[in-house]
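Descriptive analysis of the structure
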Amino acid sequence: MTENALTRWPTREALGRAGTSRPRRMLAWAVRFLVLALLLWGAFSQRHVGIWGALAAAAAVLLAGLVSWAFFHTTYEHRLVSSLALMAVLLGIAVTAEATGFRGPALVIWCGCGVSALERLPLGAALPVTSVALASFSAFNNDVWLTTAATVAGMALAGYVLRLDAEARGGAQRLLAQARAARAAEAESAALAERARIAREIHDVLAHSLSAQLVHLEAARLLIERGADRDQILERVVAARGMARDGLAETRQALSALRGELTPLEEFLTGLVSAADGADVTVTGERRPLPAEASQAVRRVAQEALTNVRKHAQGAKVQLWLDYGEHEVTLGVRDSGGRPGELTGAGGGYGLRGMRERAELLGGSLDAGPDEEGFVVTLKVPV
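Residues numbered from 1 in each chain as written. Predicted model: local features only at pLDDT ≥ 70, side-chain atom pairs only at ≥ 80, totals over all residues. Heavy atoms only, no water.

**As for the packing of helix 10 (residues 265–274) against helix 11 (residues 292–312)**
Taken N-terminus to C-terminus, the directions of helix 10 and helix 11 make an angle of 10°; their axes are 11 Å apart at the nearest point. Between helix 10 and helix 11, the angle falls in the class roughly parallel. Contacts between helix 10 and helix 11 pair Leu-265, Phe-268, Leu-269 and Leu-272 from the former with Ser-295, Val-298, Arg-299, Ala-302, Gln-303 and Leu-306 from the latter. Of the residues belonging to the contact of helix 10 with helix 11, the class tally is 7 nonpolar, 2 polar and 1 charged. (Axes fitted to C-alpha atoms, helices over the stretch in contact; angles between N-to-C directions. Helix = DSSP H or I, 4+ residues; strand = E, 2+ residues; numbered from the N terminus. Parallel < 35°, antiparallel > 145°, perpendicular 65-115°, else oblique. Contact = heavy atoms within 4.5 Å. Nonpolar A, V, L, I, M, F, W, Y, C, P; charged D, E, K, R; others polar.)

**Side note on the confidence of the model for the protein**
Confidence in the prediction of the protein, expressed as mean pLDDT, is 79, and 82% of residues score 70 or more. Least confident of the elements in the protein is helix 3 (residues 22–44), whose mean pLDDT is 68; most confident is strand 5 (residues 375–382), at 91. Here residues 342–349 is a poorly scored stretch, pLDDT under 50, and it has 20 contacts once near neighbours within four places are set aside; other chains count. (pLDDT = per-residue confidence, 0-100.)

**Considering helix 10**
Each α-helix turn comprises 3.6 residues. Residues three or four places apart therefore point the same way. Every buried residue belonging to helix 10 is among Leu-265, Glu-266, Phe-268, Leu-269, Leu-272 and Val-273, and all of these are buried. One side of helix 10 holds all its buried residues, which, seen down the axis, span an arc of 160°. Residues Glu-267 and Ser-274 are exposed on helix 10 and point more than 90 degrees away from its buried face. (Buried < 20%, exposed > 50% of the residue type's maximum accessible area, 1.4 Å probe, protein only. Arc of directions from axis to C-beta.)

**Overview of the side chain of Thr-74**
Its location among the elements puts Thr-74 in helix 4 (residues 50–76). Of note is the side chain of Thr-74, whose polar atom sits 3.0 Å from the side chain of Ser-83. When sequence neighbours within four positions are dropped, the list of residues in contact with Thr-74 reads Arg-79, Ser-82, Ser-83 and Leu-86. (Polar contact = N/O pair within 3.5 Å; in protein donor to acceptor, adjacent residues only side chain to side chain.)

**What about the pairing of strand 3 (residues 328–335)?**
Within strand 3, 6 of the 8 residues are buried, which leaves the element mostly enclosed by the surrounding structure. Relative to strand 3, strand 2 (residues 318–324) runs antiparallel, the two sharing 7 bridges. What sits directly across from Asp-323, in strand 3, is Thr-330. Here strand 2 folds back onto strand 3 in antiparallel fashion, the turn holding 3 residues. (Pairing = 2+ DSSP bridges.)

**A word on the sheet that holds strand 5**
Pairing is mixed in the open sheet, where 5 strands are placed in the order 1-2-3-5-4. Whereas interior strands pair on both sides, the edge strands pair on one side only; in this sheet they are strand 1 (279–285) and strand 4 (365–370). With direction set aside, neighbouring strand axes in the sheet form an average angle of 10°. With 6 bridges connecting them, strand 4 and strand 5 associate as antiparallel partners. Its bridge partner lying in strand 5, Gly-369 is registered against Val-376. Each of strand 2, strand 3, strand 4 and strand 5 touches helix 11; the most contacted strand, strand 3, lies at about 5° to it.

If you want it as structure tokens, here you go:
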């Protein structure tokens, strides 16, 4: 037996009442009342002491009960010196009871001290206390030696079994508390992840929509500064208003997507390119539903790529393709190149950096750069 095992206290979960069933608590209280009744009966059944002696014995029984309660409290607080002092008081009460002719109560107190010490004290302190208590019981018990030995062994075994049972119950309580903490942490983490996802979706939708609006509003401002025709300016303002309306629709669609109410991806991309001049879409591979986050990533990247074409390559032809691979889906957007727009530096959505971060969050990748003619954006997302 290691030194740690000798000095280690039973855990507070083991010494407390948490996790104890109601029938077991009732049984424990019944045992306590039975012991108290036996002690009081022993105090009043001795005729040689008279009424005052019986009252003094009853007071000693009540004192023993109070000291026992204090012992349970100090052991729960893991206060060794106080616990040993209280145990010494109980043993002293037992010795006094034996000396004054109250042998029955003395034997009960000695047995109780032996069992309680093994159950609630560190083994290094419990073994000496139990040895003293049960040795005192053996010395003054009138039964034959075999009966006394069996009683002593039974008391020692009972104390150790109670200790093991309490430790098992305490271990179960700790595991239950850890499981509850883990579930709470998991729920909190899931809530934070969901809030981050919602914030990312709304941010991306608004960034795309506001960026597109800013393109048209900046164009309107430049046209006004140059004294352009009223119809040209109005066209830009109307386009900005349409972008605002589309942004609201996209926000509603994003919220619907978060609830799992997604329109088919091919239908979305077809509608997206139909609103862009000179754009077409090609879908290859076996079409199948995608996870919500993967589908949203494809949608947002397609939107941002087309917005960038309008800003940086006016008049360019755009090819958009979607390929359903076995383990990943690939989105490509290629423009044929065009004249640098007057609004190249105007505004900005969440851009290439935001698209790349979105892809990496899903374990995918995004490549963007010039090719022989224009600019290519390629998104790969595992599914």
